[in-house]
Amino acid sequence: MALIYYAESIKALADSPTVPAAARPEAASAALPLPALHEALTNWFESNARELPWRATECTPWGVLVSEIMLQQTPVVRVLPVWTEWLRRWPEPADLAREPAGEAVRAWGRLGYPRRALRLHAAAVAICSDHGGEVPGTHPELLELPGVGSYTAAAVAAFAFGRRETVVDTNIRRVHARLFSGSALPSQSLTAAEMRLAAQALPDGAGSSVRWNASVMELGALVCTARSPKCRQCPVSGSCAWLAAGEPPPTYTPKGQSWHGTDRQVRGAVMAVLRVAESPVAPELFQRAPADLGFEPAGIGIPLAALHRLNAPPEQLERALAGLLGDGLAELQPAGLQLPA
DNA sequence: GATACGTGGCA
DNA sequence: TTGCCAAGTAT
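Residues numbered from 1 in each chain as written. Chains lettered and ligands numbered in written order. Predicted model: local features only at pLDDT ≥ 70, side-chain atom pairs only at ≥ 80, totals over all residues. Heavy atoms only, no water.

Asker: Give a description of the environment of Gln 73 that names residues and reports values.
Answerer: Positionally, Gln 73 belongs in the loop between helix H4 (61–70) and helix H5 (76–89). Take Gln 73: its relative accessible area is 63%, and that puts it in the exposed class. (Helix = DSSP H or I, 4+ residues; strand = E, 2+ residues; numbered from the N terminus. Buried < 20%, exposed > 50% of the residue type's maximum accessible area, 1.4 Å probe, protein only.)

Printed below as a string of structure tokens:
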């Protein structure tokens, strides 16, 4: 392996005329060689990692896959109860595969991005039809599964099957940006250079590479956080290029995710109704307030009221409904709208 | 590469 | 209260 201690990044910083004195070579000299970094972070992980059920040795690859899908853009604390119930109810892919997709969407609850539930169900079906009911263990096979992208395929191959994979998620990207590149935040999109850097930083052995991936990810989640990182708790702060450079601010401002008044908000409100509904919901109920209809719809009153409070323009509601139908998150029966059967 | 896609907690 | 952010994927 190329032993780029990340001296290259440090040197580039030091050569830059705009870099503060802290980033000069004498400050950067505290940077540890890669093997020392591996040991420092792995040791930190040993005593600081959270005990999460999908990290337990008895957790199956299916449990790991479910956790990875659920954790996409979703905090651990919200995933925990849903994951536990999911694995209790569907301990193997085949258990989920024989259910209607709508059951997966319902069990997904309020985790957000419910299309993930649909894809996880589709993945279970594919696992049964293409892999004999066992979660496949290689990156290319995993990548074929619905809802599994480059990150998730690498994570499952590494954490469920012990393979040496270049795992790059938002936490790892941020740690690398600070530790190696001296930037406050990673670039706005994943670059080939970042993948190369991550691949070069990876320990050679399979076991040590898995521990390294988990350690860097955990450091990003607990210490090297996006806002107000806890650098005094960081086991490798002495080697951090960003600290050495004097904590330069981000060179861009991330564009926020709009929410109020968006189609997404309307879709979310409609889905909340469908999740609660025990029978098909007449389309008129989405368009008109229950009070106008002269009766109280059983069971769905509260989420329906929330939907109407949004006061979405008719064309927006129409667009949201069409989107949900197009995505397969809902289907229209003669009796009304419902989760997919 | 940019955009759409849920939800809720925290500063 | 507003905006940011959380183990990304698909188009």
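From this point, things continue past the structure.
Asker: Can you tell me about the packing of aromatic side chains, naming the residues and giving the values?
Answerer: With the rule as written, the count across this model stands at three aromatic pairs. An angle of 70° between the planes, with centres 5.5 Å apart, marks the rings of Trp 54 and Trp 83 as edge-to-face. On the criterion of sequence distance, the pair formed by Trp 54 in the loop between helix H3 (34–48) and H4 and Trp 83 in helix H5 is long-range, its members being 29 residues apart. Looking at Trp 83, the relative accessible area reads 8%, which means it is buried. Taken together, a centroid distance of 4.7 Å and an interplanar angle of 75° make the contact between Trp 86 and Trp 90 edge-to-face. What makes Trp 86 buried here is its relative accessible area of 1%. Three or more aromatic residues link up through ring pairs in this structure, and these residues are Trp 86, Trp 90 and Trp 108. The ring of Trp 242 carries Arg 178 above its face, with NZ or CZ at 5.1 Å from the centroid. (Phe/Tyr/Trp six-rings, centres within 6.5 Å; stacked < 30°, edge-to-face > 60°. Lys NZ or Arg CZ within 6 Å of the ring centre and 35° of its normal.)

Asker: Describe the protein's contact with DNA strand C, listing the residues and the values that go with them.
Answerer: Around DNA strand C, the structure places 27 residues, and the nearest of them are Leu 71, Gly 147, Gly 149, Thr 152 and Asn 171. In the model, a phosphate oxygen of DNA strand C is placed 2.8 Å from a nitrogen or oxygen of the Gly 147 main chain. Gly 149 places a polar main-chain atom, nitrogen or oxygen, 2.8 Å from a phosphate oxygen of DNA strand C. Among the elements of the structure, helix H10 (150–159) and helix H11 (170–181) are those that each provide at least two residues to the surface near DNA strand C. The class makeup of the residues in the surface near DNA strand C is ten nonpolar, ten polar and seven charged. (Near = heavy atom within 4 Å. Polar contact = N/O pair within 3.5 Å; in protein donor to acceptor, adjacent residues only side chain to side chain. Nonpolar A, V, L, I, M, F, W, Y, C, P; charged D, E, K, R; others polar.)

Asker: Lay out unusual backbone geometry in plain terms, naming residues and giving numbers.
Answerer: Positioned with a positive phi, Tyr 113 is a non-glycine residue whose angle comes to about 45°. Note that Tyr 113 resides in the loop between helix H7 (101–108) and helix H8 (115–130). Residue Tyr 113 is classed as partly exposed on the basis of its relative accessible area, which comes to 38%. Backbone geometry places Glu 247, a non-glycine residue, at a positive phi of 50°. Relative to the helices and strands, Glu 247 resides in the loop between helix H14 (241–244) and helix H15 (263–276). Overall, Glu 247 belongs to the partly exposed group, its relative accessible area being 45%.

Just geometry here; none of it tells us what the structure is for.
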